[in-house]
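Architecture at a glance
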Amino acid sequence: MTEPIPPGTDALAGDPEVAALLAAELDRQRTTVQLIASENFTSPAVLAASASVLTNKYSEGYPGRRYYGGNVYADQVEDLARHRAASLFGAEHANVQPHSGASANLAAYLALVEPGDTILAMRLDQGGHLTHGSPVSITGKTYRFVSYGVTPAAEDGSGERIDLDHVRDLARAERPRLIVAGTTAYSRIIDPRPFREIADEVGARFMFDAAHPAGLIAAGVHPSPVGVADVVTLTTHKTLRGPRGGAILCREELAKAIDGAVFPGLQGGPLEHVIAAKAVAFGEAARPEFKAYAGQILRNAVALAASLAGEGFRLVAGGTENHTVLVDLRAFDPELTGKQAQEVLDRAGITCNRNQIPDDPRSPFVTSGLRLGTPAETTAGMGEAEMGEIGSLIARVLSSRDDEAAIAEVREQVRTLCAKFDPYPAPLPGAPVAGTLGSR
Ligand SMILES: *Cc1c(COP(=O)(O)O)cnc(C)c1O
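Residues numbered from 1 in each chain as written. Predicted model: local features only at pLDDT ≥ 70, side-chain atom pairs only at ≥ 80, totals over all residues. Heavy atoms only, no water.

Time to look at the pattern of salt bridges. Evaluation of the coordinates by the stated rule reveals 27 salt bridges. R168 serves as the salt-bridge partner of D165, at 3.2 Å between the closest nitrogen and oxygen. Of this pair, D165 and R168 both sit in helix α6 (residues 164-174), separated by three residues, roughly a single helical turn. In this structure, D191 engages R193 in a salt bridge whose closest nitrogen and oxygen atoms are separated by 2.9 Å. Among the ionic contacts, a cluster of salt bridges with common partners joins R196, D200, R205, D230, R251 and E253. (Salt bridge = Lys/Arg side-chain N within 4 Å of Asp/Glu carboxyl O. Helix = DSSP H or I, 4+ residues; strand = E, 2+ residues; numbered from the N terminus.)

Laid out in structure tokens, this is it:
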């Protein structure tokens with residue numbers, strides 16, 4: 001059988017070291033279960049666009065206003081991407097140049113506030129992101145961040161929700177210039193409207209960081225912050241299933257400030273090959289199949305959560321309404337850390353990441369939790385039945401973590417499961433004639 005290999009790697013026959021690593025990575029993605037909530041499998045079309053000759057092009061500036069010649073096609077590609085983004089999300093303006101979600105957030109801050117200004121955002125250990133003011137991030141060094149968190153855990157699962165009373169109290173006391181909503185580890189819907197009301201009350205701008213739910217928002221299965229928040233930042237590679245990158249949506253009134261903050265404020269030349277791939281992804285997300293896909297992401301997350309709860313795990317916030325499941329490992333095994341769990345699951349072919357849970361007694365490097373997500377394996381075609389099976393496999397590995405035979409057995413079950421849900425069953429564009437890459 002011809003092994004599918006990444007696009008363009010046929011041209012890598014002259015560099016067997018890199019070719020072999022890419023082939024091995026493709027094999028890893030196809031034979032292990034991908035449960036990292038911020039990851040996905042892009043389509044072959046997205047892969048092809050991001051491996052295109054636009055990587056050769058310098059396009060500093062914006063369509064029609066570039067600093068270099070030869071941008072006739074780059075202009076059309078970027079215009080297509082920003083029009084598709086604006087239309088997909090119902091936004092007045094889209095900037096598709098941010099290299100990543102972090103760059104998009106930095107650009108939004110640059111456009112909306114001054115160094116030293118107060119920004120109200122969610123604490124990292126409660127589900128926020130590094131770029132929401134962590135002291136190790138440039139954001140925390142440049143702005144004065146004040147942080148809100150979640151309500152205390154409750155027996156019946158009704159706790160660990162964003163504490164809007166805390167947000168309001170802090171906003172009144174601290175008078176921030178900007179309020180940020182959006183999370184990296186939070187399994188509940190975030191309603192943007194109460195944040196808008198609080199921002200209006202204290203005269204702050206409101207930014208919604210939709211890095212995680214962007215695809216769910218595009219599909220209409222998560223409330224849209226577009227038109228509610230002043231600025232919406234997002235990544236294109238998480239639930240949106242596009243290439244690695246960021247984007248910013250805003251009203252026309254802020255378009256100039258946002259564009260100027262991205263370039264020349266923060267970045268040099270845009271990655272037009274990635275922007276071409278973003279255009280492809282926005283196009284894919286506008287199709288009816290994508291709505292169905294997003295609905296399945298949610299059903300799969302609920303099924304995974306139910307399976308894990310049945311195995312004796314405590315779910316942070318009592319369950320999920322989005323693509324993520326946050327597991328508190330302590331009820332299952334008080335000795336088991338997130339770090340150990342992640343490592344032993346990796347050996348069994350189950351890929352996920354450790355994560356702090358709210359008020360975690362352990363450090364961010366060790367943690368007491370795991371963050372799981374369903375976007376990638378939903379793309380690969382898995383449904384609720386497979387999620388139930390994966391929940392059981394996770395419990396098996398974590399309860400027999402010193403039993404090499406049990407881990408090896410789960411590794412085989414994972415391999416069998418993955419063979420039925422191959423994200424790249426057909427040879428990818430640019431795949432070589434069999435054998436040109438040699439054996440691996
Ligand atoms: C992932 C994420 C980001 C950053 O995205 P990168 O592309 O990794 O820079 C920003 N904010 C939130 C809430 C995220 O989850």
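Alright, that's what it looks like, and here's the rest.
For helix α14 (residues 384-399), which comprises 16 residues, the first-to-last C-alpha distance of 23 Å matches the rise-based estimate of 22 Å (1.5 Å per residue) to within 8%. Residues E386, M387, I390, G391, L393, I394, A395, V397 and L398 constitute the buried set of α14. (Expected span 1.5 Å × (residues − 1). Buried < 20%, exposed > 50% of the residue type's maximum accessible area, 1.4 Å probe, protein only.)

Here we take up the pairing of strand β12 (residues 324-328). Among the five residues in β12, five count as buried, and that is most of the element. Sheet topology places strand β11 (residues 314-315) next to β12; two bridges connect them, and they run antiparallel. Looking at β12, one finds that R314 is bridged to D328. Both β12 and strand β15 (residues 369-373) contribute to a ladder of five bridges, which runs antiparallel. Bridge assignment links D328 to a residue of β15, and that residue is G369. (Pairing = 2+ DSSP bridges.)

As a further point, take the sheet that holds strand β10 (residues 246-250). With respect to topology, seven strands assemble into an open sheet ordered β4-β10-β9-β8-β7-β5-β6, the strand pairing being mixed. Only two strands of the sheet have a single partner each, and these edge strands are β4 (93-95) and β6 (144-148). Direction aside, the axes of adjacent strands within the sheet are offset by 20° on average. Pairing of strand β5 (residues 118-122) with strand β7 (residues 178-181) involves two bridges; the strand directions are parallel. From the neighbouring strand, L120 faces β7, where its bridge partner is I179. Its contacts with the sheet put helix α4 (residues 101-112) on β5, β6, β7, β8 (205-209), β9 (231-235) and β10, and the angle it makes with β9 is roughly 165°. Across the sheet, helix α7 (residues 192-202) lies against β6, β7 and β8, angled at about 155° from β8, the strand it touches most. (Axes fitted to C-alpha atoms, helices over the stretch in contact; angles between N-to-C directions. Contact = heavy atoms within 4.5 Å.)

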